[in-house]
Every structure is written in C-alpha cells, then in structure tokens.
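# Understanding the architecture of this molecule
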Amino acid sequence: MKTMLVFSAVYTLVVFFVSARAEPNKSKNCNEVRAAYSSKGFNVNDVPNKGVQGAPLKVCPQGFSCCTVEMEEKLSQQSHSDLKAPVSQLSTTLQTTFKQRHSHFDQFFRELLDNAEQSLNSMFVRTYGLMYVQNAELFKNFFQALKRYYISGSAAVNLDSMLSDFWADLLERMFRLVNVQYEFSDAYMECVSRHTEQLQPFGDVPRKLRLQLTRAFVAARTFTRGLSLMPEVVNKVSTVSASPSCVRAAMKMLYCPYCSGQVALKPCQNYCLNVMRGCLANQADLDTEWNNFLDAMLSLAERLEGPFNFESVMDPIDVKISEAIMNMQENSMQVSQKVFQGCGQPKPSMAFRSRRSVKETGFTGRFRPYSPDARPTTAAGTSLDRLTTDVKRKLKQAKKFWSMLPDTVCAGERIAPGDDCWNGTAKSRYESVVIGNGLANQVSNPDVDVDITKPDTVIRSQIAILKEMTSWLKAAHSGNDISIDNDEDGSGGEESGSGCDSPSCETDRDIYFSTPPNPAKPRGVPVVRQPSTDGGRMSQGSVALALCGLALALLAPHLR
C-alpha cells in the first residue's frame with residue numbers, strides 16, 4: 001500500500017512539472033512578433049494571436065511558430081530589400097566618392113587649358129598688340145585642338161599631326177614675312193613645310209613640347225576616364241538581382257527568429273558570412289580585376305605627380321612658344337638660305353616698292369616679366385599634387401571592396417557576437433565552416449544553393465570592361481594612347497602618342513622634360529632683342545603684313 005502511495009505521488013509530481021513546462025508554449029502569445037511585423041509595414045492581422053504548433057512553413061523550422069505561410073512570403077520580399085539595402089548604401093558611397101573626384105580632376109584639367117590660353121593671349125597682346133591680334137586665330141585653333149583631344153582623344157584629333165601643322169603654319173607666316181621681298185607660290189610653301197623638321201627653325205622646342213603634351217594629355221584624359229568608369233561599374237554590379245535561393249537564405253537568416261517569437265535575436269557572424277558570400281559570390285569574382293584596375297590607376301596617378309604632370313606642361317606653355325619664336329628670329333637668315341638651296345630661288349615680289357620702319361609696326365620690343373601670382377586661379381583653388389594625394393588615398397581604400405562586402409555587411413548591429421545568436425535553426429553556436437569568396441567556393445556553401453556553372457553575365461561584362469581600361473591605363477603610364485573613343489562624334493580613333501615603351505622611361509625625365517616633377521613657375525619670360533630703327537622699309541600694300549603681324553614684330557631686324 002505504501003508503495004502504491006509513493007508511486008502515485010511521484011506520478012502526480014511528474015505530470016505537474018511536465019504540464020508546467022508545456023504550458024508557456026501553449027499559452028505564449030505573439031505580441032512582440034505582431035509589433036515587429038507591423039513595423040515593417042505589413043498588416044498586423046496577418047500574425048496569429050498565439051503561436052501555432054506544426055505550421056506548414058516552407059522556409060523556417062517546423063514546430064511552434066508565430067508565422068503563417070502568407071507571412072513567410074511577405075517576409076521573403078522584405079528580406080530581399082533588407083539584403084539589398086546595405087550593399088546599395090556601401091555602393092552609393094563609393095559611387096559618390098569617385099564621381100566627385102572625377103568632377104574635380106576634369107574641371108581642374110579644363111580650367112588649366114583655359115588659363116593657359118588666357119595667359120598666352122594676355123602676354124602676346126601686351127607684347128605685340130595688333131601684330132598678335134591679327135594672327136591670334138592660329139593660337140586659338142591650337143588650344144581648341146588641345147581641348148578636343150582632351151575630351152575625345154584620337155577620335156577627334158591626331159595630336160602629332162596637329163602639332164606638326166601648328167609649327168608648319170607658324171613657320172609659313174614667319175618665313176613669308178622675313179622674305180617679304182619675294183613671292184611664294186603654294187607649291188613653294190609646301191616645299192618649305194616638308195622640310196620643317198630638317199630646318200628646325202624653332203630649335204628643339206617643338207620636339208620637347210610634343211613629348212610633354214602627348215604624355216601629359218594621354219595621362220590626364222586616361223586617368224579622368226578611369227575615374228568616370230568606377231561609378232559606372234559599381235552601379236551596374238551593385239544592382240545585380242539576388243537569386244531565389246539567396247532570398248530564401250536571407251529570409252531564413254533575418255526573419256525565422258520572428259517565427260519562433262525571438263524578434264530581437266540576430267544571426268551569428270559566421271552564419272551571416274556564409275549567407276552573404278553565397279549571395280555575393282559573383283560580385284566577389286570582380287575583385288581581382290578591380291584591384292588590378294586600381295593598381296593601374298595608382299601608378300598613373302604617380303605619373304601625374306611626376307614626369308607627366310599636366311600642370312607643369314600647360315602652365316608655362318606661353319613661355320615655351322615664345323622661346324620657339326625667338327629661335328626662329330635668331331636663325332631666320334640661315335633658315336632662309338637652306339630653303340632657297342632646297343626649294344629653289346624664289347621670284348622677286350612685284351609689290352615690294354617701299355619699306356616701313358619698325359616703329360610704324362607698333363612693336364613694343366620686350367616681354368614684360370610676370371609673376372606666378374598673376375596666373376588665373378585653377379579649379380577649386382587647388383593644385384594637381386593635392387588632388388592626386390587625395391584620390392590616391394581613396395583608391396587605396398577602394399581595394400578589395402567586392403571581396404570584403406560580406407565582412408562589411410556582417411558586422412556591427414547586424415549580427416550578434418558570441419554564441420547567443422541565431423544559427424538558422426535555433427539560438428545557439430553556428431557550427432559550420434565559413435567558406436571562401438567567389439563563385440567556385442560556393443559548391444560547399446551550407447546555407448545558400450549557388451549554381452557555380454552559371455556566372456552572372458552583367459558582372460562578367462564589367463570584368464571585361466575593367467580589363468580593357470586597365471590596359472589603357474598601363475599604356476598611358478608609358479605615354480601611349482591605345483584607346484579608341486567616340487565620345488563626341490562616334491568616329492573611329494587610332495593609336496597615338498610618343499611615349500616610352502621601355503623600363504628606361506623611369507629615368508629619361510631629364511632627357512625629355514625641361515620642367516621638373518613639381519616645377520617652380522618661371523620668374524619671367526625671354527627678352528626679345530630690341531631691333532634697330534634703320535632697317536629696310538616694307539610695302540604698305542603687302543599681303544604678308546596682314547597675314548603675320550606677330551612674325552613681323554619678331555623678325556623685323558632681318559629685313560634688309
């Protein structure tokens with residue numbers, strides 16, 4: 001009898017404790033889930049008042065649940081947005097950063113071109129007055145061609161040909177004037193133009209300036225093109241749609257804790273990493289070519305700071321052209337004799353009747369020295385060195401952006417530290433191994449089904465674009481333009497440039513560049529020798545005088 005009483009008491013206690021433990025699940029309400037669910041913008045009436053045992057869910061674990069199948073579908077849509085949000089935010093920040101840097105560089109280069117043109121015009125007007133104004137079109141066309149090349153490259157302007165034409169045109173105007181007593185046919189002047197390089201009437205200035213302009217322009221426009229490409233690539237890659245299996249995995253990671261009534265429970269970090277690496281597997285494959293592209297951008301930025309410094313080439317270009325003109329002034333008699341020997345003796349001019357004194361030409365005789373402070377202010381009041389220092393820092397920060405996206409997303413408030421986290425089935429430690437980045441590694445991903453045989457076509461196309469841009473950047477690093485652009489008129493282009501294709505390019509700076517990497521601006525300009533006033537007089541009706549007033553001022557001492 002005692003045995004029966006003891007057994008009955010034990011049985012009663014067991015039933016009591018089991019009932020006590022089971023009672024919370026039976027009576028647990030879903031108030032927290034209702035509040036969290038409605039905060040996402042969904043109808044609170046979708047959520048049952050109390051948990052349901054054995055709900056036929058498709059994603060979340062079976063058993064006690066505050067979710068229905070309809071709720072799962074809506075939360076799956078929400079998880080797609082939640083998955084996209086941090087990636088979009090990080091991508092937008094990156095796009096904004098390099099859109100701004102592209103704008104700064106592009107504006108800076110364009111203003112340098114405008115300032116160089118204004119500076120030359122101001123100096124020559126001040127020095128020659130009407131004599132320059134009558135020939136200003138030659139220099140205006142020169143700067144317009146440089147601007148077109150900067151914008152559209154060899155698709156719009158063959159830089160070598162343009163520079164050759166400029167010097168040939170300048171030689172023709174000056175040669176006619178220095179030999180005003182002769183008549184020259186078009187065929188004769190063509191002969192003169194063909195021998196421009198042999199004659200070297202402007203000294204070594206054309207050769208040096210061609211090298212400087214080509215390298216600086218190719219580097220500048222290729223670098224700005226690279227900066228403009230970055231936001232385009234980021235935008236296209238970041239908008240790639242998530243796969244259904246990715247959305248399913250994100251739903252399980254983010255909202256299955258809701259279904260178990262644990263709305264505040266966040267995923268384990270390693271669990272989050274596996275989900276995000278599966279979802280961003282294609283993006284991670286962009287990382288190698290992205291980093292190669294950034295390395296090429298950084299190398300070209302160093303060129304811009306050094307031997308290919310756009311600012312150091314454009315800022316003193318007026319002085320360099322002045323130097324060339326004075327070389328022609330000093331060598332005009334020798335140049336004329338060589339032309340006569342090579343092209344034949346010209347016919348005397350019938351219109352050559354009288355000569356005008358140099359004073360009547362209005363020539364002032366000397367350049368006025370200028371100070372660097374007189375230069376127009378460039379874009380944003382900054383220098384190329386400051387711009388490149390800033391952009392190099394940003395380029396370095398952008399390295400490994402795509403492979404680090406999962407780590408960036410799975411950090412901070414988005415995950416729970418330690419073992420008190422959601423592992424996909426319960427609040428416990430996540431036991432699976434974290435897999436690597438990239439599509440190939442996803443074959444063993446325990447949380448996302450990824451078809452590694454079907455790489456994303458959009459991302460593959462961006463990889464190809466980055467490879468091509470990287471090859472352009474590397475060519476620009478040697479001073480060569482291999483890009484074919486159609487920015488303006490859609491016409492084809494051709495390779496151009498006078499760069500250096502050998503490793504010695506690093507050490508040839510002193511040979512080809514008269515300006516140092518960070519040049520101090522010239523303190524003054526060359527002085528034109530004051531001509532005597534007892535020179536010969538020119539015909540007032542001479543057509544040559546109207547064509548080349550600038551050359552008249554420079555070469556009057558040689559008119560006998």
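Criteria and thresholds
Residues numbered from 1 in each chain as written. Predicted model: local features only at pLDDT ≥ 70, side-chain atom pairs only at ≥ 80, totals over all residues. Heavy atoms only, no water. Helix = DSSP H or I, 4+ residues; strand = E, 2+ residues; numbered from the N terminus. Contact = heavy atoms within 4.5 Å. Areas by Shrake-Rupley, 256 points an atom, 1.4 Å probe, with all protein chains shown as cover. Disulfide = S-S within 2.5 Å. Axes fitted to C-alpha atoms, helices over the stretch in contact; angles between N-to-C directions. Parallel < 35°, antiparallel > 145°, perpendicular 65-115°, else oblique. Nonpolar A, V, L, I, M, F, W, Y, C, P; charged D, E, K, R; others polar. Phe/Tyr/Trp six-rings, centres within 6.5 Å; stacked < 30°, edge-to-face > 60°. Buried < 20%, exposed > 50% of the residue type's maximum accessible area, 1.4 Å probe, protein only. Lys NZ or Arg CZ within 6 Å of the ring centre and 35° of its normal. Core = buried A, V, L, I, M, F, W, Y, C linked by side-chain atoms within 4.5 Å. Salt bridge = Lys/Arg side-chain N within 4 Å of Asp/Glu carboxyl O. Expected span 1.5 Å × (residues − 1). Polar contact = N/O pair within 3.5 Å; in protein donor to acceptor, adjacent residues only side chain to side chain. Arc of directions from axis to C-beta. pLDDT = per-residue confidence, 0-100.

## Notes on the overall build of the protein
Helix and strand counts for the protein come out as 22 helices and 4 strands. A separation threshold of at least 6 residues defines the contact pool for the protein, and within that pool the share at least 24 residues apart is 82%. Of the accessible surface of the protein, which amounts to about 27000 Å², a share of 50% is contributed by carbon and sulfur atoms.

## Points about unusual backbone geometry
Trans peptide bonds make up the majority, and among non-glycine residues the majority have a negative phi. Phi at Q200 takes a positive value of approximately 45°, unusual for a residue other than glycine. Mapping Q200 onto the fold places it in the loop between α8 (196–199) and α9 (205–238). For K400, which is not glycine, the phi dihedral falls at a positive 60°. Here K400 lies in the loop between α17 (384–397) and α18 (405–409).

## Side note on the state of the cysteines
As enumerated under the stated definition, the model contains 7 disulfides in all. The side chain of C60 participates in a disulfide bridge whose partner is C256; the two sulfur atoms lie 2.0 Å from each other. Across the S-S bond linking C60 and C256, the dihedral sits near -95°, which makes this disulfide left-handed. With a gap of 196 residues between them, C60 in the loop between α2 (31–39) and α3 (69–128) and C256 in helix α11 (residues 256–259) connect regions that are remote in the sequence.

## Things to note about the packing of helix α5 (residues 136–152) against helix α6 (residues 159–178)
At their nearest, the axes of α5 and α6 sit 11 Å apart, and the two run at 175° to each other. Classed by the angle they form, the pair α5 and α6 counts as roughly antiparallel. Contacts between α5 and α6 involve L138, F139, F142, A145, L146 and Y149 from the former and L159, M162, L163, F166, D169, L170 and R173 from the latter. Across the contact of α5 with α6, the residue classes break down as 11 nonpolar, no polar and 2 charged.

## With respect to the packing of aromatic side chains
This structure, assessed with the given rule, holds 24 aromatic pairs. Pairing F175 with F340 gives two aromatic rings, centres 6.3 Å apart and planes at 65°, and the pair type is edge-to-face. Of this pair, F175 sits in helix α6 while F340 is found in helix α16 (residues 317–343), placing the two residues 165 residues apart along the sequence. Residue classification places F175 among the buried residues on the basis of a relative accessible area of 0%. Judged by relative accessible area, F340 falls into the buried class, the value being 10%. Looking at R303, its charged tip hangs above the ring of F308, at a distance of 4.8 Å from the centre.

## Quick word on the environment of L90
Relative to the helices and strands, L90 resides in helix α3. Here L90 falls in the partly exposed class, since its relative accessible area comes to 26%. Taking the C-alpha atoms as reference points, L90 and T408, separated by 318 residues in sequence, lie 8.9 Å from one another. When residues no more than four places from it in sequence are discounted, the contact partners of L90 are F401, L405, T408 and V409.

## Points about the nonpolar core
A general feature of soluble globular proteins is that nonpolar side chains tend to end up buried together. Counting 136 residues, the largest nonpolar core has F142, L146, L213, F223, W290, F310 and M314 as the members making the most contacts within it. Apart from residues lying up to four places away in sequence, L146 is in contact with L113, L159, M162, L213, F217 and M314.

## Details of the pattern of salt bridges
All chains considered together, the criterion is met by 14 salt bridges. Of the charged contacts, one joins D169 and R173 as a salt bridge, the two residues approaching to 3.2 Å between their closest N and O atoms. Remark: R173 and D169 occur in helix α6; sequence separation between them is 4 residues, near one turn of the helix. We classify R173 as partly exposed; its relative accessible area is 21%. In this structure, D204 engages R207 in a salt bridge whose closest nitrogen and oxygen atoms are separated by 2.9 Å. The class for D204 is partly exposed, based on a relative accessible area of 31%. One continuous salt-bridge network, built from bridges that share partners, spans R101, D390 and R393.

## Focus: α9
For α9, with 34 residues, the first-to-last C-alpha span of 49 Å sits near the 50 Å given by 1.5 Å per residue. With respect to burial, α9 is a largely interior element, 26 of its 34 residues being buried.

## Notes on the side chain of T214
By the secondary structure assignment, T214 is in helix α9. Here T214 falls in the buried class, since its relative accessible area comes to 1%. A polar side-chain atom of T214 sits 2.7 Å from the main-chain carbonyl oxygen of R210.

## Observations concerning α17
Given 3.6 residues to a turn, an α-helix orients residues that are three or four positions apart in the same direction. Under the 1.5 Å per step criterion, the end-to-end length of α17 is 20 Å for 14 residues, consistent within 8% with the ideal 20 Å. Every buried residue of α17 is accounted for by L384, L387, T388, V391, K392, K394 and L395. Each buried residue of α17 sits inside an arc of 165° when the element is viewed along its axis, so together they form one side. Turned more than 90 degrees from where α17 packs its buried face, R386, K396 and Q397 sit exposed.

## Re the confidence of the model for the protein
Looking at the protein as a whole, its pLDDT mean stands at 79, while 75% of the residues score no less than 70. Element-level mean pLDDT values for the protein span from 30 in helix α20 (residues 509–512) up to 97 in helix α14 (residues 287–305). Contacts for the low-pLDDT stretch residues 356–377, under 50 throughout, to residues beyond four places or in other chains number 59 contacts. The low-confidence segment residues 486–560, where pLDDT is below 50, has 196 contacts with residues more than four positions distant or belonging to other chains.

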